[in-house]
Each structure stands twice: as C-alpha cells, then as structure tokens.
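Survey of secondary and tertiary structure
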Amino acid sequence: MIKVKKYDFVKKELKFLGHIISREGIRTDPEKIEKMVNMEPPKNLKELRLRLGLSLSTANTSKSSQV
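Worth saying up front: this structure is predicted, and the values here are computed from it rather than measured. (Residues numbered from 1 in each chain as written. Predicted model: local features only at pLDDT ≥ 70, side-chain atom pairs only at ≥ 80, totals over all residues. Heavy atoms only, no water.)

1. Structural notes on the overall build of the protein chain
Summing up its helical and strand segments, the protein chain has 2 helices and 3 strands in all. Along the chain direction, N to C, the helices and strands of the protein chain fall in the order β-β-β-α-α. Counting over 67 residues, the protein chain shows a buried share of 6%. As presented, the protein chain carries roughly 6700 Å² of accessible surface, and 60% of it is formed by carbon and sulfur atoms. (Helix = DSSP H or I, 4+ residues; strand = E, 2+ residues; numbered from the N terminus. Buried < 20%, exposed > 50% of the residue type's maximum accessible area, 1.4 Å probe, protein only. Areas by Shrake-Rupley, 256 points an atom, 1.4 Å probe, with all protein chains shown as cover.)

As structure tokens, this is what we get:
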C-alpha cells in the first residue's frame with residue numbers, strides 16, 4: 001500500500017543533486033553555488049589556477065550530468 005502522505009506528486013520544482021528541475025528546464029541550485037559566487041578574487045597565480053581548476057571541474061560535472 002502506498003502512503004500518499006510520504007509523496008508529493010504535484011510539485012512545480014524538484015531539487016535533485018544540486019540542480020532544480022522544473023517545466024522551464026534544469027538549472028543549478030543557487031544554494032549550492034553560493035560560496036563559489038561570493039569568493040574573493042584570487043591574489044596570485046596559484047590562487048588563480050586553483051579557482052580555474054575548480055570552475056572547470058564543476059563545469060565538466062554539470063555537462064556530464066545533463067546527458
């Protein structure tokens with residue numbers, strides 16, 4: 001027997017693995033990227049490389065999850 005109280009069948013949005021899925025499409029959950037958006041600018045070359053690596057790895061993960 002399915003307990004209807006446990007499930008939401010008529011949702012406008014669904015949060016799943018750091019994304020929000022709705023009729024408009026899939027977008028990144030702002031709560032998950034808030035720290036990256038609010039980071040201070042890099043102060044030297046090492047910090048810049050670290051930031052670019054983080055950005056590229058996040059972008060690659062996002063692309064692979066959309067397949």
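Now that the structure is up, let's keep going.
2. Overview of a nonpolar patch on the surface
The grouping of Ile2, Val4, Tyr7, Phe9 and Val10 at the surface amounts to a nonpolar patch, some 630 Å² of accessible area in total. Looking at where Val10 falls in the secondary structure, it is placed in the segment before β1 (13-16). (Patch = residues over 30% accessible without salt bridge, like charges linked within 9 Å, V, L, I, M, F, W, Y side chains within 5 Å. Salt bridge = Lys/Arg side-chain N within 4 Å of Asp/Glu carboxyl O.)

3. Thoughts on the pairing of strand β3 (residues 25-28)
The side chains of a regular strand alternate between the sheet's two faces. Across 4 bridges, strand β2 (residues 19-22) lies against β3 in antiparallel orientation. Each bridged residue has a counterpart across the sheet, and for Ser22 the counterpart in β3 is Gly25. Between β2 and β3, which pair antiparallel and follow one another directly, the connecting turn spans 2 residues. (Pairing = 2+ DSSP bridges.)

4. Focus: the sheet that holds β1
In spatial order, the strands read β1-β2-β3; together these 3 strands make up an open sheet with antiparallel pairing. Two strands close off the open sheet at either side, each with one partner strand: β1 and β3. With strand direction ignored, the average angle separating the axes of adjacent strands in the sheet is 25°. Pairing geometry for β1 and β2, over 4 bridges, is antiparallel. Opposite Lys15, over in β2, you have Ile20 as the bridge partner. (Axes fitted to C-alpha atoms, helices over the stretch in contact; angles between N-to-C directions.)

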